Amino acid sequence: MIRIGQGFDVHKFEEGRPLIIGGVTIPHDKGLVGHSDADVLLHTITDAALGAIGEGDIGRHFPDTDDAYKDADSAVLLEEIWKIVEARGYKLGNIDCTIMTERPKMAPHIGAIQEKVASLLKADVSQVNVKATTTEKLGFTGREEGMAAMAVILLQKN
């Protein structure tokens, strides 16, 4: 049996914060704002995994009204959700992710991000695809106000 889930997330930029994407700190003059570390890609992956197993979304499991998750490491949150995925008897088939941003350029960091995501999902890096695109200077990402990410995940029954 297979299960498919999709995720989407958005965070705005702010000076004075680190930029963490896919569990990797990216050099940039701004970081993303959120209750946790605002890792837009890991939030997207977490939502995709939750969707595939019919467990709602990241906000249901880690509400932004709970101070326990203030500045939380999104990798730790994903690991918690992945334990639920595994407890249901699933493993990663593959995941395909897209990061939307004008800057910074993501290409130099894609390999490290894929490796980190693969380790979090207990999978081979060949099962994890991460790509980036601009929005041709259109919308909030085009104006460099923030970043967005989306993902589709395929889970396979063990």
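Here the structure is a predicted model, which means the values were calculated and not measured. (Residues numbered from 1 in each chain as written. Predicted model: local features only at pLDDT ≥ 70, side-chain atom pairs only at ≥ 80, totals over all residues. Heavy atoms only, no water.)

**Student:** Please provide a residue-by-residue account of the environment of Glu 102, values included.
**Tutor:** Relative to the assigned elements, Glu 102 resides in the loop between strand E5 (90-100) and helix H4 (110-120). Overall, the relative accessible area of 7% leaves Glu 102 in the buried class. Considered as a pair, Glu 102 and Gly 142 are 40 residues apart in the sequence and their alpha carbons are 5.9 Å apart. Excluding residues that lie within four positions of it along the chain, Glu 102 makes contacts with Thr 134, Thr 135, Glu 136, Lys 137, Thr 141, Gly 142 and Glu 144. A polar atom in the side chain of Glu 102 sits 3.2 Å from the backbone nitrogen of Glu 136. Side-chain polar atoms of Glu 102 contact the backbone nitrogen of Lys 137, separated by 2.9 Å. (Helix = DSSP H or I, 4+ residues; strand = E, 2+ residues; numbered from the N terminus. Buried < 20%, exposed > 50% of the residue type's maximum accessible area, 1.4 Å probe, protein only. Contact = heavy atoms within 4.5 Å. Polar contact = N/O pair within 3.5 Å; in protein donor to acceptor, adjacent residues only side chain to side chain.)

**Student:** Let's hear about the packing of helix H1 (residues 40-52) against helix H3 (residues 74-87): which residues, and what values?
**Tutor:** Contact geometry of H1 with H3 gives a least axis separation of 10 Å together with a crossing angle of 15°. By the criterion of interaxial angle, the relationship of H1 to H3 is roughly parallel. Crossing geometry of H1 relative to H3 is assigned as left-handed. Here Leu 42, His 43, Ile 45, Thr 46, Ala 49 and Leu 50 of H1 come into contact with H3, specifically with Ser 74, Ala 75, Leu 78, Ile 81, Trp 82 and Val 85. (Axes fitted to C-alpha atoms, helices over the stretch in contact; angles between N-to-C directions. Parallel < 35°, antiparallel > 145°, perpendicular 65-115°, else oblique. Left-handed = near helix turned anticlockwise from the far one by under 90°.)

**Student:** How would you sum up the sheet that holds strand E7 (residues 146-157)? Please name residues and give values.
**Tutor:** The five strands lie next to each other as E4-E1-E7-E5-E6, forming an open sheet whose pairing is mixed. Strands at the two margins of the open sheet, each flanked by one partner only, are strand E4 (30-32) and strand E6 (128-133). Between one strand axis and the next, the sheet turns through 20° on average, direction left out of account. Across three bridges, strand E1 (residues 2-15) lies against E4 in antiparallel orientation. The residue bridging Phe 13 from the neighbouring strand is Leu 32, located in E4. Together, E5 and E6 form the strand contacts of H4, whose direction differs from that of E6 by roughly 140°. (Pairing = 2+ DSSP bridges.)

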